[in-house]
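One letter stands for each residue in the lines below.
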Amino acid sequence: MEIALIAHDKKKDDMIRFVTAYRNIFGHHQLYATGTTGKRITEATKLPVVRFQSGPYGGDQEIGALIAKNKLDMVIFFRDPLTAQPHEPDVSALMRLCDVYSVPLATNMGTAEVLIRGLEKGDLDWRSIARGETKDE
């Protein structure tokens, strides 16, 4: 599975703890992240992460482009709902794209845990069908 990881500044520590806690699951998947979040995940877990620009500099849009090409299977985006974000339109667009392309999106740790546990059990295998893959791929 192709998984994007994004975290606003005040949620980056939560993201690091989350990925560290589920490192054994994340290690079996391709990870993508916005700039600083990806760097911190790699430093903390040693997992390889494809990094894009920071969110305010277009990273959210780069991830959105992958969603629009049906190349992402899950987005975990720990948002900070109490702090205004200068790139809020990009965040809204990213969330809208997840809805349009039926890409599971978690915006908090509770929902992210449900998705990761489902991923571990194979509950998200339907995404390979959505990508047009066959069983042999």
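Criteria and cut-off values
- Residues numbered from 1 in each chain as written.
- Predicted model: local features only at pLDDT ≥ 70, side-chain atom pairs only at ≥ 80, totals over all residues.
- Heavy atoms only, no water.
- Pairing = 2+ DSSP bridges.
- Helix = DSSP H or I, 4+ residues; strand = E, 2+ residues; numbered from the N terminus.
- Right-handed = clockwise from strand over helix to strand, strands pointing away.
- Buried < 20%, exposed > 50% of the residue type's maximum accessible area, 1.4 Å probe, protein only.
- Polar contact = N/O pair within 3.5 Å; in protein donor to acceptor, adjacent residues only side chain to side chain.
- Contact = heavy atoms within 4.5 Å.
- Salt bridge = Lys/Arg side-chain N within 4 Å of Asp/Glu carboxyl O.

So, the pairing of strand S2 (residues 30-33)
Bridge count for strand S1 (residues 2-7) against S2 is 4 bridges, and the pairing is parallel. Note on S2: the bridge partner recorded for Glu-2 is Gln-30. The pairing of S2 with strand S3 (residues 49-51) spans 3 bridges and is classified as parallel. When the bridges of S3 are listed, Tyr-32 appears paired with Val-50. The parallel pair S2 and S3 is bridged by helix H3 (residues 35-45), and the resulting crossover is right-handed.

Details of the side chain of Arg-127
Relative to the helices and strands, Arg-127 is located in helix H7 (residues 126-130). Judged by its relative accessible area of 0%, Arg-127 is buried. At 2.8 Å, the side chain of Arg-127 forms a polar contact with the side chain of Asn-70. Leave out the neighbours within four places in its chain, and Arg-127 touches Met-1, Asn-70, Leu-72, Asp-73, Tyr-101, Ser-102, Val-103 and Pro-104.

What to know about the pattern of salt bridges
The full count for this structure, using the stated rule, is 7 salt bridges. Here Glu-113 ties to Arg-117 by a salt bridge, and the two come within 4.0 Å at their closest N and O atoms. Placement of both Glu-113 and Arg-117 in helix H6 (residues 109-121) is noted, with a separation of 4 residues, approximately one turn of the helix. Salt-bridge contacts for Arg-117 lead to Glu-120; the nearest nitrogen and oxygen are separated by 3.5 Å. You can see Arg-117 and its partner Glu-120 sitting in helix H6, 3 residues apart, about one turn around the helix.

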